[in-house]
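Analysis of the macromolecular model
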Amino acid sequence: QVQLVESGGGLVQSGGSLRLSCAASGRIASIRTMGWYHQAPGKERRLVATIQNDGRTNYAESVQDRFTISRDNAKKMVFLQMSSLKPEDTAVYYCYAVVLTESGGYWGAYWGQGTQVTVSS
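None of these values were measured; they are calculated from a predicted model. (Residues numbered from 1 in each chain as written. Predicted model: local features only at pLDDT ≥ 70, side-chain atom pairs only at ≥ 80, totals over all residues. Heavy atoms only, no water.)

Examining the overall build of the protein
We apply this condition: Numbering of helices and strands runs from the N terminus, with a helix taken as a DSSP run of H or I at least four residues long and a strand as a DSSP run of E at least two residues long. Each radius of gyration is computed over the set of C-alpha atoms, and the globule rule expresses the reference value as 2.2 Å times the number of residues to the power 0.38. To sort residues, take the accessible area from a 1.4 Å probe on protein chains only and compare it with the maximum for the residue type: under 20% means buried, over 50% means exposed, and anything in between is partly exposed. For this analysis, residues touch if any pair of their heavy atoms sits within 4.5 Å.
For the protein, the count of helices and strands is zero helices and 11 strands. Shown N-terminal to C-terminal, the secondary structure of the protein runs as helices and strands in the order β-β-β-β-β-β-β-β-β-β-β. Relative to the globule expectation of 14 Å for 121 residues, the C-alpha radius of gyration of the protein, 14 Å, shows essentially globular dimensions. Expressed as a percentage of its 121 residues, the buried residues of the protein come to 42%. Relative to all contacts within the protein whose residues are 6 or more apart in sequence, the contacts with residues 24 or more apart total 56%.

Structure, rendered in structure tokens:
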């Protein structure tokens, strides 16, 4: 019912910048939360940043001063501006959204397929 598609990943040098985008589509009535998680090889998926429908944001402390999350409610999109990238940021980045579908009365969590971000040293 809901699809999240990420884009913008790639290879970047340490200290560089990258902008990730995620577009939500489907039978969406409302989106409460959108965000980004990442998962490095051999590690668990961890929160990077989230943004609520009122604009409130939350960041992992490791990215707090380097990344900026934003959203476009009209386009049902969320973005992650990544600056001062470090090799330890290398991971698959997954888009996340808490969505109320048009046919349901409950909120559900959805994930994108992920986009690879590789930061070389």
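Comments concerning the environment of Thr118
Examined against the element boundaries, Thr118 turns out to sit in strand β11 (residues 115-120). Exposure remark for Thr118: the relative accessible area of 28% places this residue in the partly exposed category. In sequence terms Thr118 and Lys75 are 43 residues apart; their C-alpha atoms lie 27 Å from each other. With residues near it in sequence (within four places) discarded, Thr118 still touches Gly10, Leu11, Val12 and Thr90.

Structural notes on the pattern of salt bridges
To be explicit about the condition: Whenever Lys or Arg places a side-chain nitrogen within 4 Å of a carboxyl oxygen from Asp or Glu, that contact is recorded as a salt bridge.
Using the criterion set out here, one finds four salt bridges in the structure. In this structure, the salt-bridge partner of Arg27 is Glu102, at a minimum N-O distance of 3.6 Å. Placement of Arg27 in the loop between β3 (18-26) and β4 (28-39) and of Glu102 in the loop between β9 (91-101) and β10 (107-111) is noted, with a sequence separation of 75 residues between them. Judged by its relative accessible area of 44%, Arg27 is partly exposed. Owing to a relative accessible area of 46%, Glu102 belongs among the partly exposed residues under this scheme. Close ionic contact of Asp89 with Arg66 constitutes a salt bridge, the shortest N to O distance being 2.7 Å.

What about the nonpolar core?
Looking at soluble globular proteins, one finds that nonpolar side chains tend to be buried together. Put simply, the rule reads: As used here, the term nonpolar core means buried Ala, Val, Leu, Ile, Met, Phe, Trp, Tyr and Cys residues forming a set that is joined through side-chain atoms within 4.5 Å.
Core analysis: the largest hydrophobic core is formed by 30 residues, its most contacted members being Trp36, Leu80, Met82 and Tyr93. Breaking this core down by element, the ones donating at least two residues are β1 (2-7), β3, β4, β5 (46-52), β7 (67-72), β8 (77-82), β9 and β11. Those residues in contact with Met82 that sit more than four places away from it in its chain are Gly16, Ser17, Leu18, Leu20, Arg66, Phe67, Tyr93 and Val117.

Points about the sheet that holds β7
Think of a sheet as strands paired side by side through backbone hydrogen bonds, with each pair either parallel or antiparallel. We count it as follows: Only when DSSP finds a minimum of two bridges between them are two strands counted as paired. Axes here mean lines fitted to C-alpha atoms, for a helix over just the part in contact, with angles spanning 0 to 180 degrees between N-to-C directions.
With respect to topology, four strands assemble into an open sheet ordered β1-β3-β8-β7, the strand pairing being antiparallel. Lying at the two open borders of the sheet, with one neighbouring strand each, are β1 and β7. Here the average twist between neighbouring strands, direction ignored, is 15°. Examined bridge by bridge, β7 and β8 share six bridges and lie antiparallel to one another. Looking at β8, one finds that Asp72 is bridged to Met77.

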